[in-house]
Each structure stands twice: as structure tokens, then as C-alpha cells.
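Overview (structure and organization)
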Amino acid sequence: MIFSKTLLGQTLQTLGWLFFAISLGLFLDSNFFAEHYYYNAQHIITLLIIPLFLFLYYKATSRTRELLIYATLIAIVGEYLFSKTLGMYTYRLKNIPHYIPPGHAIVFLLVYYFSRKSQVKYNRKKIEVFCTSLIIPFSLYFLILKNDILGFVCTFFVFYFLRKHPKERLFFLVMYCVVAITELIGTSLECWQWPSVAFNKLNFLPSANPPAGISLFYFGLDRGTMSFYKRRHKAAWKRLKKIRSFN
């Protein structure tokens, strides 16, 4: 189809479906849904996300399948570390919903797919400028009006790290926007909540609910995922680096 070869079509094929799944899942897990329909729909969301995860897994290449598994495992560790151990944020039922780790991996995968689409790569610079033009006022708004120092610091480090990883600029700028929108939806529906200061302990780092720039932690997900892959496929990774050096 001609539409699937346009930038809009390729965006809807990836980010469009992603936001549909995010919105539906978080609505089912929302405080509103719990009060008016069903208190704990988290297991329903898990039952819905499993076939989606398996569909994406079996449609993926062997390399992408491996990355998807690593991303899920890292997300499980990260959730229990940051939420349960460090108290960085708290879910509505004070647990780690089972759908969250594979959800992180799906976000990772669909943003990756988006960044690899032909029209996206062709319009790479324009998309990067567009995302930056959204991110900077967004983080400044949260800093000035919501005293979101944590979010602003995270945003600063996002741009700082992108200076060292220019080839990943498109992926992480888009990821910033996707995570920001997801956080706004999730916190507005009261699926989870961020404390007023970082980790509910660091008074010198006030935070909004949600903090801007929290996509910084997807650097950890991406770095960790790629680190596992590189260690298991050293020869293939060396060939890929050699190819990239000519681009």
C-alpha cells in the first residue's frame, strides 16, 4: 500500500499501535476503572499483552528476538530495584504489575522499529529537530512551574549522553517523547505515582509527578540489552561496527 510507504503511515504502523496499546492497558489499570468497573484488571492486561509480545517475538528476526528477551529481563530487575527497593515510584496496588516488564520491552522494540523505517530515516534530521523542539520547552515548563529539578537534570543528561552517541540520537529523542507521553497518561490515570522528591529521600532533588526526562533510564535498558548481545556475539558485533564506520 502507498500509505504504508509514507512517513505518516510508517508512524501509525509503529508508534500508532504502541500508543493504542499503552492507552488501553493503562485505562484498564486506572483508578477510574478500578472504582467504576473492576478493581484489579492487571491480570487482564497481562493476558492481553502476552499474545502481543509473542506476536512481536515471532515476527522479529533472531537478533531482535534476543534483544527483546534481554530487554524484558533487564526491565524485571529494574522495576524491582527502582520501585520496590529504592522507592523511586509506586504503582497503584503497591506491586509490580506483571504486564510492566514485557511492556517496557515492547516500547523498546516498537521505537526501534520506528527508527528503522525508510521514511523515518529519510526524514531523520527533521524528526530530531521536531522532538528537540518539544523536549526543551516541556522540560523547562516542568522545571519552572512544577519545580521539577529531577526531571530537568535527567533531560540534561539525555542530551549530554547523546553527544557521545550521535547514531542513537533519533531513537532516544523519540523514546524521550514516547516515555513522557506514557508517564503523563499513567500518572493522570493514577496507575502509578512519583514522590515529591527523588527516591522519596533526596530533598535537594524535587520531582514532579511525573518527572520530565525520566526516559534517561532507557539508556540503561538499551546499554544493558546491547551489552548482553555484544558479549554473546563478539564476532558479529565487530563486523557491525566495521560496517558502521564506513557510513
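See above for the structure.
Now for a description of the structure that goes with this document. (Residues numbered from 1 in each chain as written. Predicted model: local features only at pLDDT ≥ 70, side-chain atom pairs only at ≥ 80, totals over all residues. Heavy atoms only, no water.)

Right, let's talk about the overall build of the protein for a bit. When its secondary structure is counted, the protein shows 11 helices and 4 strands. Taking 18 Å as the expected radius of gyration for a compact globule of 247 residues, we find that the protein reaches 18 Å, a close match to that expectation. Taking the principal axes of the C-alpha coordinates as reference, the protein spans close to 50 × 40 × 40 Å. Here the protein holds 247 residues, and 45% of them are scored as buried. Within the protein, contacts between residues separated by at least 24 positions form 74% of all contacts whose residues are at least 6 apart in sequence. Only carbon and sulfur atoms are counted for the fraction: they give 67% of the accessible area of the protein, which is about 13900 Å². Each charge sign in the protein was given a centre, from 29 positive and 10 negative side chains, and these centres are 15 Å apart. (Helix = DSSP H or I, 4+ residues; strand = E, 2+ residues; numbered from the N terminus. Rg over C-alpha atoms; globule rule 2.2 N^0.38 Å. Buried < 20%, exposed > 50% of the residue type's maximum accessible area, 1.4 Å probe, protein only. Contact = heavy atoms within 4.5 Å. Areas by Shrake-Rupley, 256 points an atom, 1.4 Å probe, with all protein chains shown as cover. Lys, Arg positive; Asp, Glu negative; His and termini not counted. Charge placed at Lys NZ, Arg CZ, Asp CG, Glu CD.)

If you walk through the whole model with that rule in mind, you get 2 salt bridges. Residue arginine 92 pairs with aspartate 29 through a salt bridge whose shortest N-O separation is 3.0 Å. On the criterion of sequence distance, the pair formed by arginine 92 in the loop between β1 (90–91) and α5 (100–116) and aspartate 29 in the loop between α1 (7–28) and α2 (31–36) is long-range, its members being 63 residues apart. Here arginine 92 and aspartate 29 have matching classes, each one buried. Glutamate 128 is the salt-bridge partner of arginine 124, the closest N and O atoms lying 3.0 Å from each other. With arginine 124 and glutamate 128 both in helix α7 (residues 124–146), this residue pair falls 4 residues apart, about one helical turn. A relative accessible area of 24% places arginine 124 in the partly exposed class. (Salt bridge = Lys/Arg side-chain N within 4 Å of Asp/Glu carboxyl O.)

Tracing the backbone through its elements, the reader meets glutamate 79 in helix α4 (residues 62–85). On the basis of relative accessible area, glutamate 79 is assigned to the buried category, the value being 4%. For the pair glutamate 79 and arginine 92, spaced 13 residues apart in the sequence, the C-alpha separation amounts to 14 Å.

Before going further, it helps to examine the packing of aromatic side chains. Scanning the model with the defined rule gives 21 aromatic pairs in all. Ring geometry for tyrosine 112 versus tyrosine 113: centroids 6.2 Å apart, planes at 45 degrees, classification tilted. For tyrosine 112, a relative accessible area of 24% puts it in the partly exposed group. When its relative accessible area of 24% is taken as the criterion, tyrosine 113 is described as partly exposed. (Phe/Tyr/Trp six-rings, centres within 6.5 Å; stacked < 30°, edge-to-face > 60°.)

This paragraph deals with the packing of α4 against α5. Between α4 and α5, the shortest axis-to-axis distance is 8 Å and the interhelical angle comes to 135 degrees. On the basis of the axis angle, α4 is oblique to α5. For the pair α4 and α5, the crossing hand works out as right-handed. Of α5, the residues touching α4 (which contributes Arg63, Thr64, Leu68, Ala71, Thr72, Ala75, Ile76 and Glu79) are Ile100, Pro101, Pro102, His104, Ala105, Ile106, Phe108, Leu109, Tyr112 and Tyr113. Taken together, the residues that form the contact of α4 with α5 break down as 13 nonpolar, 3 polar and 2 charged. (Axes fitted to C-alpha atoms, helices over the stretch in contact; angles between N-to-C directions. Parallel < 35°, antiparallel > 145°, perpendicular 65-115°, else oblique. Left-handed = near helix turned anticlockwise from the far one by under 90°. Nonpolar A, V, L, I, M, F, W, Y, C, P; charged D, E, K, R; others polar.)

A grouping of Trp17, Phe20, Leu24, Phe27, Phe32, Tyr37, Tyr38, Ile44 and Leu48 is seen on the molecular surface, where their side chains present a nonpolar patch of about 960 Å² in accessible area. Elements that contribute at least two residues to the nonpolar patch include exactly α1 and α3 (42–59). Per-element accounting of the nonpolar patch gives the leading share, 4 residues, to α1. Note on placement: tryptophan 17 falls in helix α1. Given a relative accessible area of 57%, tryptophan 17 falls into the exposed group. (Patch = residues over 30% accessible without salt bridge, like charges linked within 9 Å, V, L, I, M, F, W, Y side chains within 5 Å.)

Note that all results are geometric; they support no functional claim without further evidence.
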